[in-house]
Amino acid sequence: MLVKAAHKSYMKALKVAARVIPIPRPTLFTGAESAEQLCEAISLMNLGKLLIVTDEALVEVGIVDQIETYLHRHGVDFARFDKVTPDPTYPQAEEGLVVYKRENCKGILAVGGGSPIDCAKVIAARVTNNKAIKKLAGLLKVWRTPAPLFVIPTTAGTGSEVTVAAVISDPASHQKTPLMDPKLVPLMAALDPNLMTGLPPHITAATGMDALTHAVEAYLSLNATTETDAYATAALKLIHANLIAAYKDGHSLKVRFNMAMASYYAGLAFTKASLGYTHAIAHHLGAKYGTPHGAANALALPHVLEASVPSAKVRIANMAKMVDVGDESWDDQTNASAFVNYVVSLQESMNMPRTLPEIQPEDITQIAKNAIREANWNYPVPHYLSLGECKQLIAKIKG
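Please read these numbers as outputs of a predicted model, since none were measured by experiment.

Comments concerning the overall build of the protein
Along its length, the protein carries 15 helices and nine strands. Since a compact globule built from 399 residues should have a radius of gyration of about 21 Å, the 20 Å found for the protein is in line with a globular shape. Of the charged side chains in the protein, 37 are positive and 36 negative, and the gap between their average positions amounts to 9 Å.

And the structure:
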């Protein structure tokens, strides 16, 4: 009981901090061709050479070449670091830092999903902060303003273009460590649906479920406000109206743009309201087994929602009505159950796995301990899980 009381007191302090500490937002370029508009805006700043931080897959499909063409067209010099993998690691960020310094870069342009953007945030922080990444991890530990950072998301899920967080893995401990500081918010971002039409269905599904999880956990947060509720609601409605369409046929610019905006709104919501156990568990499944983040969120979300119903029945019921699977004439329990079923139906409609057999029974206790530690000291959840409850939940994910 004393530990729970300490957690709740800490979360109240975080709520005050979220309302007092100003959180910047990037200058946003939206719509088709907005990526080139961002490149032109960068050229007007006369910063000097940029480091493009991306991954090899985006190089292979030609998206990075397209961005580099825009930079050439507007007279911006650049170097490229394309070694980012899903769940970027400390060594990758340090390797990117070496390239940044060797090429005498003066700013960073991240092109990609959450992994390149998170890696770019860490590199930018390391440029100006002479501290090991592990010492930058945590809340408000990026003391000096990072190198100028610009981002072009190529997926609609993480919301990293607007968040104060960067998540990076420690390969030695197999744990994901978040850096959380308003200084990590990029200066500018472009949401260009032209760059998202080629996303394969399974990536569309996973990133869409990531955005959904951000909106859901922000709405259920005890630190939610009228503002974060509005953004979470907008995100939920856009995801409901567009995710399955994007999965089935992602060539519609309107559908892709709507999903990009849903991700952005969800990012705005959780940046202030924070997250919950779904993310805590997903982070440690990713660190241990390499499970893609969006897929890990999708695996955990229905089970976390079920565990949260007794403490957050009204809020979960509200979400059912937002996405038209609930009814005003039903009681809260019925509506809440309808929303949990809706989340499961989304997964099934996109052929997403419901279980993760790779989970080893001997790992469950440690994963649960790590997830509880992350959640209890970072996320204002409506219900604190016991170790036993968390282990049971992870066992359900294993199947």
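Some points on the sheet that holds strand S1 (residues 27-30)
The strands making up a sheet associate through backbone hydrogen bonding, with each pair oriented either parallel or antiparallel. Pairing is parallel in the open sheet, where six strands are placed in the order S1-S9-S6-S4-S2-S3. Across the chains shown, the open sheet's two edge strands, defined by having one partner strand only, are S1 and strand S3 (78-81). On average, each strand axis in the sheet is tilted by 20 degrees relative to the strand beside it, whichever way the strands run. Of the strand pairs in this sheet, S1 and strand S9 (residues 188-191) are connected by four bridges, and their pairing is parallel. What sits directly across from leucine 28, in S9, is alanine 189. Contacts from helix H4 (residues 63-73) reach strand S2 (50-53), S3, strand S4 (107-112) and strand S6 (149-153) within the one sheet, and its direction differs from that of S3 by about 165 degrees. Each of S2, S3 and S4 touches helix H5 (residues 90-102); the most contacted strand, S3, lies at about 160 degrees to it.

Concerning unusual backbone geometry
Even without being glycine, glutamate 33 reaches a positive phi, approximately 75 degrees. Residue aspartate 324 is not a glycine yet carries a positive backbone phi of 65 degrees. Relative to the helices and strands, aspartate 324 resides in the loop between helix H12 (293-322) and helix H13 (332-349). The exposed category is assigned to aspartate 324, whose relative accessible area is 63%.

As for the state of the cysteines
Tallied over the full model, the rule gives zero disulfides. Looking at the unpaired cysteine 119, the closest cysteine sulfur is the one in cysteine 105, lying at 14 Å.

Notes on helix H9 (residues 226-248)
Between its terminal C-alpha atoms H9 stretches 34 Å, which fits the 33 Å expected from 23 residues at 1.5 Å a residue. Of all bends in H9, the biggest is about 40 degrees, found at asparagine 242.

Thoughts on the UniProt feature "domain: Fe-containing alcohol dehydrogenase-like C-terminal" (unreviewed entry) in the protein
In the numbering used here, UniProt assigns the "domain: Fe-containing alcohol dehydrogenase-like C-terminal" (unreviewed entry) feature to residues 204-392. A helix fraction of 75% and a strand fraction of 0% characterise residues 204-392, whose end C-alpha atoms lie 29 Å from each other.

What about a nonpolar patch on the surface?
Together, Ile21, Leu139 and Leu140 line one region of the surface with nonpolar side chains, adding up to about 210 Å² of accessible area. Residue classification places leucine 140 among the partly exposed positions, given a relative accessible area of 38%.

Concerning the sheet that holds strand S8 (residues 175-180)
The strand order across the open sheet formed by three strands is S5-S8-S7, and the pairing between neighbours is mixed. Both edges of this open sheet fall to strand S5 (138-139) and strand S7 (165-170), since each of them pairs with a single strand only. In this sheet, S8 lies alongside S5 in parallel orientation, the contact comprising two bridges. Bridge pairing links leucine 139 to methionine 180 in S8.

Re the layout of surface pockets
Here the second largest pocket defines a volume of roughly 330 Å³. In terms of lining residues, the second largest pocket is bounded by 17 residues, among which Gly138, Lys176, Thr177, Pro178 and Asn378 are the most central. Going through the elements one at a time, S5, S8 and helix H14 (364-376) are the ones with two or more residues in the lining of the second largest pocket. No other element matches the five residues that S8 contributes to the lining of the second largest pocket. Residue composition of the lining of the second largest pocket, by class: six nonpolar, six polar and five charged. Taken domain by domain, the lining of the second largest pocket gets at least three of its residues from each of domain 1 (23-195) and domain 2 (201-398).

Describing H4
Regarding H4, the residues found buried are Ile63, Val64, Ile67, Glu68, Tyr70 and Leu71. Buried residues of H4, seen end-on, are gathered within an arc of 155 degrees and therefore sit on one face of the element. Opposite the packed face of H4, turned more than 90 degrees from it, sit the exposed residues His72 and Arg73. In this structure, the buried residues of H4 make contact with helix H2 (34-44), S2, helix H3 (56-60), S3, S4 and S6.

The rules we used
- Residues numbered from 1 in each chain as written.
- Predicted model: local features only at pLDDT ≥ 70, side-chain atom pairs only at ≥ 80, totals over all residues.
- Heavy atoms only, no water.
- Helix = DSSP H or I, 4+ residues; strand = E, 2+ residues; numbered from the N terminus.
- Rg over C-alpha atoms; globule rule 2.2 N^0.38 Å.
- Lys, Arg positive; Asp, Glu negative; His and termini not counted.
- Charge placed at Lys NZ, Arg CZ, Asp CG, Glu CD.
- Pairing = 2+ DSSP bridges.
- Axes fitted to C-alpha atoms, helices over the stretch in contact; angles between N-to-C directions.
- Contact = heavy atoms within 4.5 Å.
- Buried < 20%, exposed > 50% of the residue type's maximum accessible area, 1.4 Å probe, protein only.
- Disulfide = S-S within 2.5 Å.
- Expected span 1.5 Å × (residues − 1).
- Bend = angle between axes of the 7 residues up to and from the residue.
- UniProt positions renumbered as here; feature names shortened; annotations may be inferred.
- Patch = residues over 30% accessible without salt bridge, like charges linked within 9 Å, V, L, I, M, F, W, Y side chains within 5 Å.
- Areas by Shrake-Rupley, 256 points an atom, 1.4 Å probe, with all protein chains shown as cover.
- Salt bridge = Lys/Arg side-chain N within 4 Å of Asp/Glu carboxyl O.
- 1 Å grid on protein atoms, 1.4 Å probe; cavity = no way out; pocket = protein on both sides within 12 Å on 5 of 7 lines; lining within 4 Å.
- Points joined across faces, edges and corners; volume = space filled by probe spheres on them.
- Nonpolar A, V, L, I, M, F, W, Y, C, P; charged D, E, K, R; others polar.
- Domains from an automatic or database assignment.
- Arc of directions from axis to C-beta.

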